[in-house]
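Structure assessment
Here is what each chain is made of, one letter per residue.
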Amino acid sequence: MIEAAPAATTAGAPPLLRVENVVKHFAIGAGFIGHAVVHAVDGVDLVVNTGETLGLVGESGSGKSTLGRVIVQLYPATSGHVYFKDVDLTKVRGEKLRRIRQQMQMIFQDPYASLNPRMAVGDIIAEPLHNFGLARGKAAEKRVQETMRVCGLNPNFINRYPHEFSGGQRQRIGIARALVLNPSFIVADEPVSALDVSIQAQIVNLMEDLQDRFHLTFLFIAHDLSVVHHMSDRIAVMYLGKIVEVGATAEVRDRPLHPYTKVLESSVPVPDPDLEMARRPILLTGEIPSPVNPPSGCRFHTRCPIAQQICSEVEPPLERKSEWPRFCSGFPWTPTCMPRIRRWPIAKGSSPCPIRAMSCSARASRSW
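Quantities reported herein were computed from a predicted structural model and do not represent experimental measurements.

Summing up its helical and strand segments, the protein chain has 11 helices and 12 strands in all. Residues counted as buried form 50% of the 368 residues belonging to the protein chain. Once local pairs closer than 6 in sequence are excluded, the contacts in the protein chain between residues at least 24 apart make up 66%. When the accessible surface of the protein chain is totalled, it reaches about 17400 Å², and 55% of it is carbon and sulfur.

Written out as structure tokens, the structure reads:
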């Protein structure tokens, strides 16, 4: 029988997961210019509290999936620390690390490639039980069937193969495989990006129900901000290996500070034809720079419409920007950036935001 994990701890308790200055570089083959390094993740700090869902958003190539894999130690960190329940995973090896992994699982992005086509669904879901010696034989089969039922799958289909299921059903199989060990923390790596909209809603609702029932903690990685808004308690925005903004979902959605966050929010369609036709989305020029040779200073300055000279020279730190636990990277405003800020799309009737610990990458109005 699947049992619920311990309920969320009270306020003030230590976080379940802490990521401190994590770096992950990949060396690529030698060529005419010698060895090169892909800066996939570069100095990331994150905190995930027990029972919450932290949404991690950003463009393709920003390092989201790599960070998720480093957290569960599928990739070793180049440097930095990952603390899970105050245990530094970067220092743990062998059997101890394997036992810790029982408490932290991952839902992979591709429901087609993440399942072994030569294994029956019952064997796929039961494999973690066998690996950790938790159940075998009839006991394992009973637990697998119960997990399938919880995840909305017919428990009588344990002898079927992955190709006999739809995309949404395959993703449910991936969720069941992660859930069968009764973990306390799950990294969901874009679990709905390969599914159509109606199936996305079913999977998101299933994950929310499972979180409430089993007191799960999620790191929810996604591109679609509308899904992240619905699913997450807090949002972290990632660009080219760096976290540029972190805050409560409502704050980031309604009052984004960093220009990149504003662009991402602008890309979310409005479910009203008249408003959608009237609004002017913020468009960026150019592609995300290569992680092999990232820009100096602020990594967004090559595409930022309000970039200043200092942005290309000094990297802005991730700092607290309000009385709430809200963080954003940016420099103080200067008079030279004001004319360019006014050229950003501002809706009629909007008013400038109150000045608090503002930065040049802070919002100029509530509408963009």
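This part covers the pairing of strand 7 (residues 185-189). Taking burial as the measure, the five residues of strand 7 include five buried ones, the bulk of the element. Bridge count between strand 7 and strand 8 (residues 217-222): five bridges; the pairing is parallel. Looking at the pairing, isoleucine 186 lines up with phenylalanine 218 of strand 8. Crossover handedness for the path strand 7 to helix 6 (residues 197-214) to strand 8: right-handed.

Now for the pattern of salt bridges. Evaluated as defined, the whole model comprises 10 salt bridges. Between arginine 255 and glutamate 251 there is a salt bridge; the shortest N-O distance is 2.6 Å. By relative accessible area, which is 16% here, glutamate 251 ends up buried. Between arginine 253 and aspartate 254 there is a salt bridge; the shortest N-O distance is 3.0 Å. Given the relative accessible area of 37%, arginine 253 is considered partly exposed.

Here the focus is the side chain of glutamate 251. For glutamate 251, the position within the fold is in helix 8 (residues 249-254). In this structure the side chain of glutamate 251 is engaged in a polar contact, spanning 2.6 Å, whose partner is the side chain of arginine 255.

With that out of the way, let us pick up the environment of serine 198. Note on placement: serine 198 falls in helix 6. Judged by relative accessible area, serine 198 falls into the partly exposed class, the value being 47%. As for serine 198 and glycine 168, which are separated by 30 residues in sequence, their C-alpha atoms are 9.6 Å apart. Reaching out from serine 198, the side chain makes a polar contact with the side chain of aspartate 196 at a distance of 2.9 Å.

With that out of the way, let us pick up the environment of tyrosine 75. Mapped onto the fold, tyrosine 75 is located in the loop between helix 1 (64-71) and strand 4 (79-84). Sequence-wise, tyrosine 75 and lysine 24 are 51 residues apart; in three dimensions their C-alpha atoms are separated by 8.3 Å. In contact with tyrosine 75, other than residues within four places in its own chain, are Lys24, Phe26, Thr66, Arg69 and Val70.

In a disulfide, the sulfur atoms of two cysteines are covalently bonded to one another. The final tally for this structure, using the stated rule, is zero disulfides. Between cysteine 304, a cysteine without a disulfide, and cysteine 311, which holds the nearest cysteine sulfur, the sulfur-to-sulfur distance is 6.4 Å. On the accessibility criterion, cysteine 304 (16% relative accessible area) is buried.

The next point concerns the packing of helix 3 (residues 121-131) against helix 5 (residues 167-179). Between helix 3 and helix 5, whose axes approach to 7 Å, the crossing angle comes to 30 degrees. When the axes of helix 3 and helix 5 are compared, the pair comes out roughly parallel. Considering the relative orientation of helix 3 and helix 5, their crossing is right-handed. Along its contact with helix 3, which presents Val121, Ile124, Ile125 and Pro128, the element helix 5 presents Ile173, Ala176 and Arg177. Considering only residue class, the contact of helix 3 with helix 5 consists of six nonpolar, no polar and one charged.

Here the focus is the pairing of strand 4. The pairing of strand 4 with strand 5 (residues 87-88) spans two bridges and is antiparallel. Considered in strand 5, the bridge of tyrosine 83 is made with aspartate 88.

Parameters at a glance
- Residues numbered from 1 in each chain as written.
- Predicted model: local features only at pLDDT ≥ 70, side-chain atom pairs only at ≥ 80, totals over all residues.
- Heavy atoms only, no water.
- Helix = DSSP H or I, 4+ residues; strand = E, 2+ residues; numbered from the N terminus.
- Buried < 20%, exposed > 50% of the residue type's maximum accessible area, 1.4 Å probe, protein only.
- Contact = heavy atoms within 4.5 Å.
- Areas by Shrake-Rupley, 256 points an atom, 1.4 Å probe, with all protein chains shown as cover.
- Pairing = 2+ DSSP bridges.
- Right-handed = clockwise from strand over helix to strand, strands pointing away.
- Salt bridge = Lys/Arg side-chain N within 4 Å of Asp/Glu carboxyl O.
- Polar contact = N/O pair within 3.5 Å; in protein donor to acceptor, adjacent residues only side chain to side chain.
- Disulfide = S-S within 2.5 Å.
- Axes fitted to C-alpha atoms, helices over the stretch in contact; angles between N-to-C directions.
- Parallel < 35°, antiparallel > 145°, perpendicular 65-115°, else oblique.
- Left-handed = near helix turned anticlockwise from the far one by under 90°.
- Nonpolar A, V, L, I, M, F, W, Y, C, P; charged D, E, K, R; others polar.

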